[in-house]
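Remarks on the overall topology
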Amino acid sequence: MTKKRKKSKAKETVVTCPYCNQLADLQDSSVVYNQSYGMIWICLPCQAWVGVHKDSREYKPLGRLANKELREAKIEVHTLFDKLWKHKIIKYNVSKNKARDAGYKWLARQMSIPTSKCHIGMFNLQQCQLAVEICKPYAEKLENKVNV
Ligand SMILES: [Zn+2]
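Residues numbered from 1 in each chain as written. Predicted model: local features only at pLDDT ≥ 70, side-chain atom pairs only at ≥ 80, totals over all residues.

1. Considering the overall build of the protein
To keep it simple, the criterion reads: In DSSP terms, a helix is any run of H or I states spanning at least four residues, a strand is any run of E spanning at least two, and both are numbered starting from the N terminus. With C-beta atoms placed from the backbone, a residue is labelled by how many other C-beta atoms lie within 10 Å of its own: buried for 20 or more, exposed for 12 or fewer, partly exposed between the two. In this description, a residue-residue contact is defined by the distance between C-beta atoms placed from the backbone, which must lie within 7 Å.
Across its full length, the protein holds 4 helices and 3 strands. Helices and strands in the protein line up, N terminus first, as α-β-β-β-α-α-α. For the C-alpha atoms alone, the extent of the protein along its principal axes is close to 55 × 30 × 30 Å. Across the 148 residues in the protein, those meeting the buried criterion constitute 21%. For the protein, the proportion of contacts with a sequence separation of at least 24, taken over those separated by at least 6, is 41%.

Structure representation (structure tokens):
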């Protein structure tokens, strides 16, 4: 696919920066990373960006644009939360998908949000902080004990 075609397709999708309410630009992720991981929606003034769905021809964003603070918060949630559900794979001998789905269901209940809204990529800063608070004690338990 040529760059020209990518641009015309992308016009069908409009993404707004949640920090400044300006339109985000579609660019290759190499503008922010050392190498290309595909396209991203980016707001340069806010240094906020989000990846796109791999199979999406319309370059649908994976969530909302995240600035540095939110990106770091999401990484923290993932570090803790992933530890929890990955532990279940071994403990209950279930598949990765099953363990992760059950993990998200559990997290959604703890956060009092619908499971359909419970994706770390969609979380805002407050939700990230809440998720960290919820997951941290469990993750710490896992670190201290071999068998929980
Ligand atoms: Zn912005």
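Text resumes after the structure shown.
2. Examining the domain arrangement of the protein
Note the cut-off: Segment limits for the domains were obtained from an automatic or database-derived domain assignment.
Taken domain by domain, the protein comprises domain 1 (3-51) and domain 2 (68-144). Taken over C-alpha atoms, the centre of domain 1 sits 27 Å from the centre of domain 2.

3. Topic: helix α3 (residues 96-111)
Note the cut-off: Residue count minus one, scaled by 1.5 Å, sets the expected span of a helix.
Here α3 contains 16 residues, and its C-alpha end-to-end distance of 22 Å stays within 8% of the 22 Å for a straight helix at 1.5 Å per residue. Taken together, the buried residues of α3 touch α2 (68-92) and α4 (125-144). Residue S112 follows α3 closely and has a positive phi angle near 60°.

4. Some points on the nonpolar core
Considering soluble globular proteins, one finds that nonpolar side chains tend to be buried as a cluster. Rule in force here: For this entry, the nonpolar core is defined as buried Ala, Val, Leu, Ile, Met, Phe, Trp, Tyr and Cys residues connected by C-beta atoms within 7 Å.
Core analysis: the biggest nonpolar cluster contains 28 residues, and A24, W41, W49, L65, V77, F81 and A131 have the highest contact counts within it. Broken down by secondary-structure element, the contributors of at least two residues to this core are β2 (39-43), β3 (48-51), α2, α3 and α4. Sort the elements by how many residues they give to this core and α2 lands first, with 7 residues. When residues of this core are sorted by domain, at least three fall in each of domain 1 (3-51) and domain 2 (68-144). V77 has contacts with I120, F123, C128, A131, V132 and C135, leaving out every residue within four places of it along the chain.

5. Structural notes on the packing of α2 against α4
Just so we agree on the cut-off: For helices, the axis comes from a line fit to the C-alpha atoms of the stretch in contact; other axes are also lines fit to C-alpha atoms, and the angle between any two N-to-C directions lies between 0 and 180 degrees. Each helix crossing is assigned a hand: it is left-handed if the near helix lies turned anticlockwise from the far helix by less than a right angle, otherwise right-handed if that turn is clockwise. Only Asp, Glu, Lys and Arg are considered charged, only Ala, Val, Leu, Ile, Met, Phe, Trp, Tyr, Cys and Pro nonpolar, and every remaining residue, Gly among them, polar.
Where α2 meets α4, the axes come as close as 8 Å, and the angle between the chain directions of the two elements is 35°. In the crossing of α2 with α4, the sense of the turn from one axis to the other is left-handed. From α2, E69, L70, A73, K74, E76, V77, L80, F81, K83, L84 and H87 reach across to α4, where they touch L125, C128, Q129, A131, V132, C135, K136, Y138, A139 and L142. Tallied by class, the residues present in the contact of α2 with α4 amount to 14 nonpolar, 2 polar and 5 charged.

6. Comments concerning the sheet that holds β2
This is how it is decided: Think of it this way: DSSP has to see at least two bridges between two strands before they count as a pair.
Sheet architecture is open: 3 strands sit in the order β1-β2-β3, paired in antiparallel fashion. On the outer flanks of this sheet lie β1 (25-28) and β3, each paired with one strand and no other. Ignoring strand direction, the axes of neighbouring strands in this sheet form an average angle of 35°. Sheet analysis places β2 next to β3, joined by 4 bridges and oriented antiparallel. Within the sheet, the bridge partner assigned to W41 lies in β3 and is V50.

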